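# A structural walkthrough
Residue strings, one per chain:
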Amino acid sequence: MEQKIQNEPLPLRSRLTPIEIERIRADFPILEQVIDGNRLIYLDNAATTQKPRVVINAISDYYRKYNANIHRGLHYLSERATEMYEHTREHAARFLGGVDPSEVIFTRGTTEAINLVAYTWGEQNIREGDEIVITEMEHHANLVPWVQLAKRKHAVLKRIPITPDGYLDLTNINEIITPRTKLLAISHMSNVLGTINHVADLAAKAHEHGAVVLADGAQAAPHLAVDVKALGVDFYALSSHKMLGPTGVGILYGRRDLLQEMPPFNLGGEMIREVRFDNVTWADLPYKFEGGTPNIADVVAFDAALHYLEEIGMDRLRQHEMDLTRYTIEQLSAIPGIEIQGPKEVEQRGGAISFTDADLHPHDISTYLDAKGIAIRAGHHCAQPLMRVLGKIATARASIYVYNNEADINALIKALRGMRRYFGL
Ligand code: PMP
């Protein structure tokens, strides 16, 4: 099975121009900050992204003009708030390639979306001896729920290994995905290696055996045009805060027939059809999975983030990030002692670039860069098993987004070279 992804580069005129990037940067008030005399250079986008003015204003507008609880009030504010909340759902359904809005469930984030599946579909469908397949590059959010489900059910957790250059190693895939496989849970893009996994092929393989497929889209949805139907997945999870939107909002896309069969997750108000002292029936989709008052303001503001991304165009955003990732990898590779983890081919990866220095601990790298106003991340990136596979205790990770430019990367490279000189290396 071929792991490589064909990604046609856009013609030059379809790329974001330096003027457009400057305009984009000007939309993010936080980027104007100077910290200890240094211009803020934000390269921690895989952790969370900054918010454009339209998103910040949408939150404030909501509370100034529309705040009310949704789905229950018969007054003007409640109707407007409900409309706005449902509008984001419809928008997200289009953003995911045109799914039915009833298949879009709002959660607190990717973590909650995956836990929802583990505690409902998983509890209902996984039995002793069943196999759950994950990969070695999973974030804890797409790992811990399955480790624990496998324990509760006496099921078997199997994993697809990685190659030394950070791709999935599909050599023995026919022994890993088998008729015993009940679930394939796989990240669409790795938050450590940047690898874009070939989800569509793997989903097709899992489906041949009747398995259900969940993709963790936390890192992919912000950077790639995602069409969940084309990917062929049954569940897809994402987080708004990694794609210019507010924290506390995520989406679980689920195939309608599966969602219909699943029991609810949060029991209480809003998710019921009828309640008696001795019996309860559930509301229709998607409300069955949205018990209690949701995060209305942030869901409403997420709509502004989706608009913002669409106005740029996911293809142009992707091309900009490929260009900047290529530049970053070239520049980082030229620094003595620095080793980059993950694929080097930008068509096969996103802009989360993990690296290590032969002589310095990643935390020292991060602290040194912080003193220069450069925000990166160091640690295990919520992927401890992957760190063990890589033989590292931690990595430093610079991760880019649409508002980053060559000047940001130049500052990073200059600081890293300065750091090595500072430590006498
Ligand atoms: N999966 C991946 C690949 C991630 O990078 C993250 C966030 N670091 C998550 C899941 C969890 O997302 P959240 O914390 O927004 O729930």
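The preceding data block contains the structure.
Cut-off values and rules
- Residues numbered from 1 in each chain as written.
- Predicted model: local features only at pLDDT ≥ 70, side-chain atom pairs only at ≥ 80, totals over all residues.
- Heavy atoms only, no water.
- Buried < 20%, exposed > 50% of the residue type's maximum accessible area, 1.4 Å probe, protein only.
- Helix = DSSP H or I, 4+ residues; strand = E, 2+ residues; numbered from the N terminus.
- Pairing = 2+ DSSP bridges.
- Core = buried A, V, L, I, M, F, W, Y, C linked by side-chain atoms within 4.5 Å.
- Contact = heavy atoms within 4.5 Å.

### Focus: the pairing of strand β10 (residues 250-254)
Among the five residues of β10, five are classified as buried, and the element is accordingly described as predominantly covered. Across the two faces of β10 the burial is the same, with G250, L252 and G254 and I251 and Y253 all buried. In terms of strand pairing, strand β4 (residues 104-107) meets β10 through four bridges, oriented antiparallel. Paired with I105 across the two strands is L252, which belongs to β10. Across five bridges, strand β9 (residues 235-239) lies against β10 in antiparallel orientation. The residue bridging L238 from the neighbouring strand is I251, located in β10.

### Some remarks on the nonpolar core
Formed by 78 residues in total, the largest nonpolar core has its most connected members in I160, L184, L202, Y236, M243 and Y403. Counting residues per element, this core draws most heavily on helix α10 (residues 296-312), at 12 residues. Those residues in contact with Y403 that sit more than four places away from it in its chain are I21, I24, R25, F28, L31, Y42, N45, T49, Q50, L244 and D408. Listed in part, the 27 residues of the second largest apolar core include I114, A118, F235 and L259.

### Observations concerning unusual backbone geometry
For residues besides glycine, phi is generally negative; the peptide bonds are generally trans as well. In this structure, P286 follows L285 across a cis peptide bond, with omega equal to 0°. Mapping P286 onto the fold places it in the loop between β12 (280-282) and α10. Although it is not a glycine, H381 sits at a positive phi angle of roughly 55°. Within the element layout of this structure, H381 appears in the loop between β16 (377-379) and α13 (384-390). One non-glycine residue, C382, lies in positive phi territory at about 55°.

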